[in-house]
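Tertiary structure, described
What follows is the residue order along each chain.
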Amino acid sequence: MVNLTIDDKQVTAPKTATIYEAAKMNGVNIPILCHDKKLKPFGACRMCLVEVEQMKGRQIPACTTPVTEGMIIRTSTPDIVKARKMVLELLLLNHPLDCPVCDKAGDCDLQNLTYEYKVDTNRFVDEKFHHEIDYNNPLIERDMNRCVLCGKCARICDEIVSFGALTFIDRGIETKIGCEFEDGLNCEFCGSCISVCPVGSLLARPFKFKARFWSLTKQKSVCGYCGTGCNLTLGVKDNKVLTTLYDENQGFHKGQLCVRGRFGYQFINSDKRLTSPLVRRNGRLIEASWEEALEVVAARLKGGNSVAALGSSRLTNEELTLFKKLMLENVGSSNFDHSAGYAHSALTSGFARSFGTTASPASILDIQKTDLLFVIKTDSYETHPVIGFEINMAVKNRGIKLNIISDKRGKLSKLPGANTFVHKPGSEVSVLNAIAKSILDDKLAVGSVDSVQGYAELAEALKAYTPEAVSALCGLTAEDIKKIAREYASADKALILFPIGQGYVSHNQEMSCAVANLSILTGKLGKEGCGVLCMSEKNNSQGAVDMGFFPRADGMNAQQILDACKNGSVKTLFVAGENPIVSYPDKSKVTTALEAVEFLIVSELFMTETAAMADVVLPACSFAEKDGTFTSTDRRVQYVSPSIRKNSNCKTDFEIFSALISKLGGQTPVSSSLLFSEISSNTDGYAGMTHVSLRKESAFASVNVKPKLIVPKASAAVSSEPGKLAMVTGSALYHSGTLSQFGEGPMHVCPEAYVEMSRKDAANLKIHDKDIVTVSSPTGSLKLNVKVTARIPEGLVFVPYHFSAAPVNAIWDGAPVTMVSLTK
Amino acid sequence: MLCFRILFMEQVLFKHNRPGRMTTFDEYRSEGGFVALARALAGMSPDEVQQAVIDSGMRGRGGAGFPTGKKWSFVPRNLPGPRYLICNCDEMEPGTYKDRVLLERNPHLLVEGMALACYALGVQHAFIFIRRGYEQAADNLRLAVAAAHGAGFLGENVRGSGFSLELDIHQSAGRYICGEETALINALEGIRANPRAKPPFPAVKGLWGQPTVVNNVETLANIPSIINGGPAWWKGLAATPEAAGTKLFCISGHVVRPECFELPLGMKLGEIIDGPCGGMRPGSTFKACIPGGASTPYLTKLHWDVPMDFDPVAKAGSRLGTGGIIVFDQSTCMVAATLNLIRFFARESCGWCTPCREGLPFVRHILERIEAGQGQAGDIDILREHVRLLNHAFCALAPGAMGPVDGLLNHFEDELQEHITAQRCPFEGTHS
Amino acid sequence: MNPITPIINGLAITLKHLFMKPVTLQYPDERPKVAARFRGLHALNVSHNKAKCVACYLCPTVCPAKCITVEAGEDANHDKFASKYEIDMLRCIFCGYCVEACPVDAIRMTGEFELANYHREDFIYNKERLLEKK
């Protein structure tokens, strides 16, 4: 810490702070246009000039000058005010004064400063710019006429998003921010540039002209898409969520969001939302009263073990607990599951065996504290973009090493110094086992490892996985495998990341054990910057696991439930928030099962394919309309409060389950916060949390690891068939589950499913980019648009799984790799 | 007396020059070229070379006049990893052409100087950053580098000393801002040529994050003679005891012989004009001059006896800069001359910081309107305010650009006022 | 004082006024002449055959009675215009702040003061009705 004087106030600041940061910490506000907390200092706007006595009263920029001991700083002498006024006058020389029609007005740094410094007349006159406004995409409008060239957009795109869509072009007064070849913006559309723009140069088009900043109510919430657990500020007006707002002080990600978080909110106020309970009468779904619908449902739930439930990991912890209670105590059935039954097995079965707990022994914060990141699948960026940003920053700013094993290349592969080892699809476990073997062979394991339970068995089992043997079937060289092992083991701190989800069948319990083995063998566990982070798919996937919403020994899992529906042993199926017809593997199997089941209850936001088959449809509420807690992938428990009032004819799932419990004669909880107290006392690591405390600040649920080495079984290698390509599925960058189909943003950018293939295969099959091809597998066929890209290796095709219009499960039966043929 | 001094003046940079063509490698060698390098490699430690440069009192010839030895001493000594030397040959300042003359005539001097500097700094990879327009100079340099390679003065293990050096010539796309050392480093890295924030200074964190020294062509070309003749001798080449060494002055404007001369540092302005330049053109009388490239404030008749050395010129309210003297006679409209320079700077601003990007075009706008006879009463005050404000810019470009405006306001305010009151340029029609 | 005098004085005043010009108006046969700065019914100004209003939302923001409802739209040129502009005259207090706040001189107040109507909904003036008052 250093001592310094700012405006006659004695203050202290950390040694690394700049004058600007030191002043801000101590409540002195220095005006600035080009500074953002997350970005490196820039020093271009020259608004933050201050006088430092030691520098003979010279005016220096506060944002780039580090503090030194004994500095005497003045932040607003008449000279400085004069200089700042002049900077503003110069900026306003070319800035169009169209505040009345600019959406930024009210939240505009330039406007605020102009007001503060009373620059009400301009002694200077010059011509305004006439740059063309970029309307090329539906999400981001770029009006360079309003730009003050603070460079924040270009910097955030480079430093954090690592896309580099924007940059300075031209020089002198003609300088502007542009895209390559002065073309329109064509990027990931995360909207980070919009969030940092101090003026109205970059605006969110979905929100354009919808409301003025000052008329919005700012509601803090938690994003309802992936498991990262990003915090949101929703802009609400007239009970409608109109936009997301930027708050650089929010969450570990400091307000940084991805495309679905920023632009995917429209499902909340969609006019496609269900507004009334529906009951099937004479083959048609007809509007009914809640009383009527719940009565019918309650009657059908009295079936004991012939009742089964599929929940969604987008429900709150409280709802999932209540759902489980309803099933176990009131219905008397232990047949309940979520996420197709396998998407959580890495935690519920894998980590449960390896670590003795169903949670990841690492947090997102460890990414910045480690020395080496070992990422399995480049898709980690697509599934969890904000974690991807953390990886970008770790690699670019901190020089953290990045090794990736994946079946295809991806954006993470482009990071400086990133090594991507592309293996054949489906061979993850073999590769990881070979790495473990290599660690043992090269004596890279920690000394005490042989005392860990299961060591002998593992050492024995790994004999079959020499790098040489594995290299033959996985496509990596033995040297590659040894190199990964060496680098992972020799790093001081190393963190493994891998995504799980319905699209990642191969990331199952076996793989998570194989991953766990690596961290146990090398002792990279239980320390800061070490461990394994299993990135769960949906916003409350980890919560669903923590709440125990997965089958116990006596219950059926999702796949067994579907089988049982088909053979008649399950007569009533209650689906809350899931859309199995689109998101579960093997569409025909799911459809047959849902057709066969006697009674299907669906609680949903939208009339999904599954809801359309139901006997009773109950209109539920989105995350923005209810209170409860979500647990992020690294077990950060966060409280959400209702941002808007719900439609009077919808009920939250909490209310639905409560009503059903009372109809079945049970005791209903008084409120979700009381239920949460019960949860926190019963759930490992949640002790001491209450809604009241979480409302103030989110908390991490502690993870208690009891390491054990488990022998992971590699699945049999997929034999290639001549003329056929190996298909894998997974997430597209802009989507999450099937919910993002109802967000305008994601759908604008990626409106439909596609098949992504390598250039070589495309050339061989004489297929071109944007062609429409029929992809056929043994289970069916599907017409898809073609995307020819450089990232896909030869012999592989990738089809994302989110889309109802072209569901990949029509050609995918849940195998990690499906052999398909493509025809035009 | 004056002519005598010039005739017998010792030259170190132009000593080997051949009229009308480039000195060949063999000619240079036969006249004592690369002796300094061989001697340093054989019998001097890197620290001794650096000490010699410090003792010589050499100040950077690129414009700022920062003591070269001191700059070198900022490079951390025992840091692992590579370090770099960059020769700044992005000579784009209007009025300055000394580096071109030097390189077109005798590029070997630079190669030897760089080799010595690299030896002193422990650099194994050096770059010559040359502007695109200097095709001939770049060609000559390529020949010189190849010849030095061939003779074993560059490359692996030079002359068995264990010292290795690679020299790369980078022809830049060319922008005035690349002359700023951090912008030059950015350009060399392949990114947009914007200046970087200092600190960290390049000597600590420069090219690819490694310690980097950026020196001017002329600075580096002087080093062989410092080693050869010794720092004391070299320092004594100057005309005054305070100055050190010789300097290339490149003169343009209304003089009889507008050429590039190597003259002792500290020679008086009047001596230079009346001596080697052959005086003013017939019919011309001296009105003012730019002493060191376009970014320096004007000197006037009052400064006729100012010794052309860094400190005395600074005392006179200007800067020695690069030594590119532009002489104006009585027929020159100083407003027009300043406007001409400001046009250049406004165009060459990189667009990074507000005062420079927005301020320079505005100053140009005001000067244009004054010159066109539409000046307004408050214009002089606005110009004065801009001189102050543009000092707060990110790099030295904007303060430098305001040098001529500052000079205009200090020495020719009455001329400016005349433009405004008369609502026309008093020199209209008399421009030569 | 003698009790008769005030009565006579009073009658004198009455008598005087009998021959003076009356201060009242025979409304509605006679129409009052409203002052130039009278604040009556609002009107939206027109320029280039379009309402000048750019839907900046300053009038609903400043309105103390919260009687103005604006909704902005984007036209074919990506420009902002008021797709909905309504003033609820039952709530309006005719303070004129909306006119003062307007940055583009899009709204003014006319001299019209006869705003009686038979139905509540008729008091809500939409954009078309406000534009009619040229």
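Residues numbered from 1 in each chain as written. Chains lettered and ligands numbered in written order. Predicted model: local features only at pLDDT ≥ 70, side-chain atom pairs only at ≥ 80, totals over all residues.

1. Brief notes about the pairing of strand β22 (residues 572–576) of chain A
All names here are of chain A. Within β22, five of the five residues are buried, leaving the element largely enclosed by the surrounding structure. Burial of β22 is two-sided: the residues Thr 572, Phe 574 and Ala 576 facing one way and the residues Leu 573 and Val 575 facing the other way are all buried. Note that strand β15 (residues 307–311) and β22 share four bridges and pair parallel. Paired with Leu 310 across the bridge in β22 is Val 575. Summarising the sheet, β22 and strand β23 (residues 599–604) pair through five bridges and their orientation is parallel. Following the sheet pairing, Thr 572 is matched in β23 by Phe 599. (Buried ≥ 20, exposed ≤ 12 C-beta atoms within 10 Å, placed from the backbone. Helix = DSSP H or I, 4+ residues; strand = E, 2+ residues; numbered from the N terminus. Pairing = 2+ DSSP bridges.)

2. Focus on the interface of chain A and chain B
Taken together, the 26 residues of chain A in the interface contact 25 residues of chain B. Secondary structure elements with two or more residues in the side of chain A that touches chain B: α2 (78–94) and β7 (167–169) of chain A. With seven residues, the single largest contributor to the side of chain A that touches chain B is α2(A). (Contact = placed C-beta atoms within 7 Å.)

3. Considerations on the interface of chain C and chain A
Taken together, the contacts link 12 residues of chain C with nine residues of chain A. Looking at the side of chain C that touches chain A, the element that brings in the most residues is strand β4 (residues 68–74) of chain C, giving three residues. Taken together, the residues of the side of chain C that touches chain A break down into seven nonpolar, three polar and two charged. (Nonpolar A, V, L, I, M, F, W, Y, C, P; charged D, E, K, R; others polar.)

4. Let's talk about α2(A)
Under the 1.5 Å per step criterion, the end-to-end length of α2(A) is 25 Å for 17 residues, consistent within 8% with the ideal 24 Å. Every buried residue belonging to α2(A) is among Ile80(A), Ala83(A), Arg84(A), Met86(A), Val87(A), Leu88(A), Glu89(A), Leu90(A) and Leu91(A), and all of these are buried. Buried-residue contacts for α2(A) involve β3 (49–52), β4 (58–61) and α3 (109–116) of chain A together with α15 (354–371) and α16 (379–389) of chain B. (Expected span 1.5 Å × (residues − 1).)

5. Regarding the sheet that holds strand β11 (residues 231–237) of chain A
Residues and elements named next belong to chain A. Strand order in the open sheet formed by three strands is β10-β11-β12, with antiparallel pairing between adjacent strands. Pairing within the sheet leaves two strands with one partner each, and these edge strands are β10 (217–222) and β12 (240–245). Each strand of the sheet is rotated relative to its neighbour by a mean of 40 degrees, with strand direction disregarded. As defined by bridge partners, β11 adjoins β12 across five bridges and the pair is classed as antiparallel. Along β12, the bridge assignment pairs Val 236 with Val 241. (Axes fitted to C-alpha atoms, helices over the stretch in contact; angles between N-to-C directions.)

Purely geometric numbers; function is a separate question.
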